[in-house]
Amino acid sequence: MARIIPAEGAMDEAAGLLRRGELVAVPTETVYGLAADATNGEAVAKIFEAKNRPRFNPLIAHVDSMEMAETIAEFSPLARRLAARFWPGPLTLVLPLKTGAPVSALVTAGLDTIALRMPVGVARDIAAALGRPLAAPSANPSGRLSATTADAVEKGLGRRIRLIVDGGPARVGVESTIIRVDRSGLTLLRPGGVPVEEIEAAAGTAVRRAGPGASVQAPGMMASHYAPSAAIRRGASEVHDGEALLAFGSHRAAGAEKAIAMLNLSEDGDLREAAANLFSHLRKLDESGASVIAVEPVPGGGLGAAINDRLARAAAPRDHPHAKSGAGES
Ligand code: TXA
Ligand code: MG
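This section reports on the structure supplied with the text.

Reading the values: the criteria
Residues numbered from 1 in each chain as written. Chains lettered and ligands numbered in written order. Predicted model: local features only at pLDDT ≥ 70, side-chain atom pairs only at ≥ 80, totals over all residues. Heavy atoms only, no water. Salt bridge = Lys/Arg side-chain N within 4 Å of Asp/Glu carboxyl O. Helix = DSSP H or I, 4+ residues; strand = E, 2+ residues; numbered from the N terminus. Buried < 20%, exposed > 50% of the residue type's maximum accessible area, 1.4 Å probe, protein only. Contact = heavy atoms within 4.5 Å. Axes fitted to C-alpha atoms, helices over the stretch in contact; angles between N-to-C directions. Parallel < 35°, antiparallel > 145°, perpendicular 65-115°, else oblique. Left-handed = near helix turned anticlockwise from the far one by under 90°. Nonpolar A, V, L, I, M, F, W, Y, C, P; charged D, E, K, R; others polar. Pairing = 2+ DSSP bridges.

### Remarks on the pattern of salt bridges
Inference 1: By the definition in use, this model includes 14 salt bridges.
Inference 2: Put simply, E13 and R3 hold a salt bridge, and the shortest N to O gap is 2.7 Å. Of this pair, E13 sits in helix α1 (residues 11–19) while R3 is found in strand β1 (residues 3–6), placing the two residues ten residues apart along the sequence.
Inference 3: Given the relative accessible area of 31%, E13 is considered partly exposed.

### Remarks on helix α7 (residues 150–157)
It helps to recall that an α-helix has 3.6 residues per turn; residues three or four apart then point in one direction.
Inference 1: When we look at burial in α7, the residues that qualify are A150, V153, E154, G156 and L157.
Inference 2: The elements touched by buried residues of α7 are β1, β2 (24–26), β3 (33–37), α2 (41–51) and β8 (163–166).

### A look at the packing of α2 against helix α10 (residues 271–287)
Inference 1: At their nearest, the axes of α2 and α10 sit 8 Å apart, and the two run at 110° to each other. Judged by the angle between their axes, α2 and α10 are roughly perpendicular. For the pair α2 and α10, the crossing hand works out as right-handed. From α2, G41, E42, A45, K46 and E49 reach across to α10, where they touch R272, E273, A275 and A276.
Inference 2: Looking at side-chain class alone, the contact of α2 with α10 contains three nonpolar, one polar and five charged residues.

### Considerations on the sheet that holds strand β15 (residues 292–295)
Inference 1: If you walk across this open sheet you meet the four strands as β12-β15-β13-β14, and the pairing is parallel. For this open sheet the edge positions go to β12 (231–233) and β14 (262–264), each flanked by a neighbour on one side alone. Averaged over all pairs of adjacent strands, the angle between their axes in this sheet comes to 20°, without regard to strand direction.
Inference 2: With three bridges joining them, strand β13 (residues 243–247) and β14 adopt parallel strand pairing. When the bridges of β14 are listed, A247 appears paired with N264.

### A word on unusual backbone geometry
Inference 1: With omega at -5°, the peptide bond leading from W87 into P88 counts as cis.
Inference 2: Phi at A109 takes a positive value of approximately 50°, unusual for a residue other than glycine.
Inference 3: Looking at the secondary structure, you find A109 in the loop between α5 (105–108) and β6 (113–117).

So this is what it looks like as structure tokens:
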């Protein structure tokens, strides 16, 4: 069972655990979040493991200040206006990721955009104490309802985490509104705590509503968003001429020495380390110029399910970009 401690006086302990790469459940004004240091890939991998998430949905990064936000994302004038009006508060902005942003690629699931929000109260204070953004999805096992009390977090995840910071019942009780801001304007990705009408009034422009069902679909799940330019060949037991190799564990595919580039997800066969490396390794191998990335078999248990799901999406035929997309429950 996790320890539940009141928010007052929990800051140092929470920040200490997060700094050491542990998970901490934290209250926000919307719902409780399962937080990790967003700059630490292995810590972020633990989120997917604890929630038993079968795939890597991109996560929201929670910041304490505009200063921290600006190290991570590119703010257009419109994005800045929305942040000034609604932060701290239940609005998440999906913005272009800044090059070199100090955030694990597992947070964005390899996308070049990032979901950012500044929460009210305790979660913000913890991000400030840590001095780093917090990656945090809702603190519930995958496929279950979001938790709005420390008790609900304990019931769902208590066996998998050490500390729950209790800030009382969440004031808003539904997740944040998610708005993508890009050159074409504003798009609603998920309705939530801030009514869209208020956002339109503040922005002075209409918010595009995605089609029916789209709001429950994790937008980042489209296969096309993820596709590297190289083809992906999974379950490789040998390497062909001109291929790059994404290795796993200590046993090498035959002909590995002729790979034009090779990176190992985890020498030790550790799935948490593999998850943390997945998106950045794929990107680097893609940049090697290989036309095919051969991928050694990755076992399916635990985080292996999400890793294999991601690899299957990356391998999906490009002419059916939506073929492998799925409902993104989070
Ligand atoms: O109120 C909330 O937003 C809560 C609290 C803890 O902050 N968090 C939350 O996180 O609901 P989560 O992981 O359950 O939902 C995040 C949603 C997912 O549907 C994910 O697909 C989407 O945000 N998302 C994250 N990054 C994205 C990106 N770069 N582009 C599009 N969608 C993104
Ligand atoms: Mg959720």
